[in-house]
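Structural characterization, general
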Amino acid sequence: NAGVTQTPKFQVLKTGQSMTLQCAQDMNHEYMSWYRQDPGMGLRLIHYSVGAGITDQGEVPNGYNVSRSTTEDFPLRLLSAAPSQTSVYFCASSYSPSGGLNTQYFGPGTRLTVL
Amino acid sequence: TQLLEQSPQFLSIQEGENLTVYCNSSSVFSSLQWYRQEPGEGPVLLVTVVTGGEVKKLKRLTFQFGDARKDSSLHITAAQPGDTGLYLCAGAPTGGGNKLTFGTGTQLKVEL
């Protein structure tokens, strides 16, 4: 199993550009999520999904869109990049039976710089 | 919004020393996890504690969940350079599920 994969690993954008961060998992996990990590702030939840076709907002959703058309893929779209979106982005997945908390498996991250 | 504050933010110690990292909140969590993250990688789960007052040991690491389920601590005995990394606590909401709130992180460096 490859686990959780993310592409690209590094990306530089100019202000106003759009792009999609890719995330895929091969563990048949229902729950997937996107976080951003900034120094001194831990990880903050952007969007999450409890299954194909179902997405919801996290703590910091503004400027980002997601969709979940398949169990395996959960792309994150930046609509119009801003310097404040410079960060490291992590995708995570977990098996999600009702009422349970399970191990979240993280991808290796995408380091994004917006100039 | 549930917040988790970790202390200290940075910790630099010599090999063989003991240390404790704290994770505190004013909110109650149904369970709490500790993750360790190395540079250029995603966090990796170390432990999950689910019961107030619970203590779990993982070799030289001891994790405790507060009685009121609002706080947790991680104690490392005889730290080694391989323990170097960013330690993150993460709390799960009382309604259950996987929507975690992460702490602010503790960067640990263990030197020879």
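One structure accompanies this document, and this report is about it. (Residues numbered from 1 in each chain as written. Chains lettered and ligands numbered in written order. Predicted model: local features only at pLDDT ≥ 70, side-chain atom pairs only at ≥ 80, totals over all residues. Heavy atoms only, no water.)

Here's the deal with the overall build of chain B
For clarity, the threshold we go by: Numbering goes from the N terminus for both helices and strands, where a helix is a DSSP run of H or I of at least four residues and a strand is a run of E of at least two. Radius of gyration: C-alpha atoms only; globule rule: 2.2 Å multiplied by the number of residues to the exponent 0.38.
Summing up its helical and strand segments, chain B has zero helices and eleven strands in all. Each helix (α) and strand (β) of chain B, taken in turn from the N terminus, gives the series β-β-β-β-β-β-β-β-β-β-β. For chain B, whose C-alpha radius of gyration is 13 Å, the value lies close to the compact-globule estimate of 13 Å for 112 residues. Over its C-alpha atoms, taken along the principal directions, chain B stretches across nearly 45 × 30 × 20 Å.

Digging into the interface of chain B and chain A
As a reminder, the rule being used: The contact definition used throughout considers only heavy atoms, calling two residues in contact when any of these lie within 4.5 Å. As used here, buried area is the combined drop in accessible area, with a 1.4 Å probe, of two parts when they are placed together. Definition used for salt bridges: Asp or Glu carboxyl oxygen within 4 Å of a side-chain nitrogen of Lys or Arg. Pairs of N or O atoms are called polar contacts if they sit within 3.5 Å, as long as, within protein, a hydrogen donor faces a hydrogen acceptor (for residues adjacent in sequence, only side-chain-to-side-chain pairs). Classification convention: Asp, Glu, Lys, Arg as charged; Ala, Val, Leu, Ile, Met, Phe, Trp, Tyr, Cys, Pro as nonpolar; all other residues, Gly among them, as polar.
Residue-level contacts link 21 residues of chain B with 23 residues of chain A. Its largest share of buried area at the contact with chain A, chain B owes to Asn98(B), Lys99(B) and Phe102(B), together 36% of the area lost on that side. Summed over the shared surface of chain B and chain A, the result is zero salt bridges. Linking chain B with chain A are two residue pairs in polar contact (both at pLDDT 80 or more). For the side of chain B that touches chain A, the elements supplying multiple residues, two or more each, are strand S4 (31-37), strand S5 (44-49) and strand S9 (85-92) of chain B. A class-by-class count of the residues in the side of chain B that touches chain A yields eight nonpolar, eleven polar and two charged.

Some details on the layout of surface pockets
As a reminder, the rule being used: Using only the protein atoms, space was sampled on a 1 Å grid; points where a 1.4 Å probe fits but cannot get out form cavities, open sets with protein on both sides within 12 Å along at least five of seven lines form pockets, and lining residues are those with an atom within 4 Å of a point. Grid points are joined across faces, edges and corners, and a volume is the space filled by probe spheres set on the points.
Reported here for the largest pocket is a volume of approximately 520 Å³. Forming the walls of the largest pocket are 27 residues, and the residues nearest its centre are Gln37(A), Val88(A), Arg111(A), Gln37(B) and Leu86(B). Residue classes in the lining of the largest pocket are distributed as eight nonpolar, 14 polar and five charged.

Some words on the pairing of strand S8 (residues 71-76) of chain B
All names here are of chain B. Basically, it comes down to this: Think of it this way: DSSP has to see at least two bridges between two strands before they count as a pair.
Pairing of strand S3 (residues 19-24) with S8 involves six bridges; the strand directions are antiparallel. The residue bridging Cys23 from the neighbouring strand is Ser72, located in S8. By the bridge criterion, five bridges tie strand S7 (residues 61-65) to S8 in an arrangement that is antiparallel. Counted as the bridge partner of Thr62 is His75 from S8. Hairpin connection, S7 to S8: the antiparallel pair is bridged by five residues, and Arg69 has positive phi, about 60°.

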